[in-house]
Amino acid sequence: MLIFRKMMPADADVVSEIEIKSFAMPWKRDTFYEVVQRENTVYIVGELDGKVIAYAGAWLSFNEAEVMSVAVEENFRGRGIGTKLFAELIKICKERGATAITLEVRPSNTAAIKLYESFGLKSVGRRKGYYVDNGEDALIMWNTHLE
């Protein structure tokens with residue numbers, strides 16, 4: 001059974017493993033260990049039968065949530081877990097006062113863009129050369145009216 005819960009410092013190792021396999025420029029384990037303890041962050045994990053298989057996180061500032069990462073372990077992609085995970089992240093951010101949500105995403109990451117658009121985020125601009133690993137731009141996406 002899939003459950004979502006608050007990410008704990010003890011989850012840093014497994015979350016870091018998922019991060020390394022999911023992103024070209026992964027965060028380090030210590031970064032996760034530190035950010036989950038901050039008051040202005042929302043980080044959650046998805047557990048399936050007791051095993052962490054996904055995570056998502058956002059930083060909160062006033063009424064805005066900035067999504068930092070959303071990842072599902074490769075063997076569990078394509079099953080709707082990312083959609084449920086992102087919905088849970090938005091729900092918690094709204095409970096903490098967020099009325100808007102933003103993120104950056106690679107234009108080549110069509111699966112992620114489709115997911116974010118399904119939650120009302122729209123591309124409002126680009127950050128030229130944002131991703132230093134290959135110089136790819138980032139799409140800036142916003143939903144300023146979370147419902």
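In short, a report on the structure. (Residues numbered from 1 in each chain as written. Predicted model: local features only at pLDDT ≥ 70, side-chain atom pairs only at ≥ 80, totals over all residues. Heavy atoms only, no water.)

With respect to the helices and strands, Lys122 occurs in strand S6 (residues 122–127). For the pair formed by Lys122 and Ile20, sequence separation is 102 residues and the distance between their alpha carbons is 27 Å. With residues up to four places along the chain from it excluded, the contact list for Lys122 reads Ile140, Met141 and Trp142. (Helix = DSSP H or I, 4+ residues; strand = E, 2+ residues; numbered from the N terminus. Contact = heavy atoms within 4.5 Å.)

On to unusual backbone geometry, then. Residues other than glycine seldom take positive phi values, yet Asp49 does so here, at roughly 50 degrees. For Asp49, the position within the fold is in the loop between strand S2 (41–48) and strand S3 (51–61). One non-glycine residue, Phe62, lies in the positive phi region at around 55 degrees. Structurally, Phe62 can be placed in the loop between S3 and strand S4 (64–72).

One open sheet holds the seven strands; their spatial order is S1-S2-S3-S4-S5-S7-S6, and the pairing between them is mixed. The open sheet has two edge strands with one neighbour each: strand S1 (2–6) and S6. Here the strands of the sheet are splayed against their neighbours by 25 degrees on average, with no regard to which way each runs. Sheet topology note: the S6/strand S7 (residues 138–143) ladder contains five bridges and is antiparallel. (Pairing = 2+ DSSP bridges. Axes fitted to C-alpha atoms, helices over the stretch in contact; angles between N-to-C directions.)

Now for the nonpolar core. Counting residues in hydrophobic clusters, the biggest one holds 31 residues, and the most contacted among them are Phe86, Leu89 and Tyr116. Broken down by element, this core gets its largest block of residues, seven residues, from helix H3 (residues 81–95). Not counting residues up to four positions away in its chain, the partners in contact with Tyr116 are Val70, Phe86, Leu103, Val105, Leu121 and Met141. (Core = buried A, V, L, I, M, F, W, Y, C linked by side-chain atoms within 4.5 Å. Buried < 20%, exposed > 50% of the residue type's maximum accessible area, 1.4 Å probe, protein only.)

Taking a probe equal in size to a water molecule and rolling it over the atoms shows the remaining empty space. A volume near 1000 Å³ is recorded for the largest pocket. In terms of lining, the largest pocket is formed by 33 residues, of which the most central are Phe23, Val70, Asn109, Ala112 and Tyr116. Among the elements of the structure, helix H1 (12–22), S4, H3, strand S5 (100–105) and helix H4 (110–118) are those that each provide at least two residues to the lining of the largest pocket. The leading source of residues in the lining of the largest pocket is S4, at seven residues. Grouping the constituent residues of the lining of the largest pocket by class yields 19 nonpolar, eight polar and six charged. (1 Å grid on protein atoms, 1.4 Å probe; cavity = no way out; pocket = protein on both sides within 12 Å on 5 of 7 lines; lining within 4 Å. Points joined across faces, edges and corners; volume = space filled by probe spheres on them. Nonpolar A, V, L, I, M, F, W, Y, C, P; charged D, E, K, R; others polar.)

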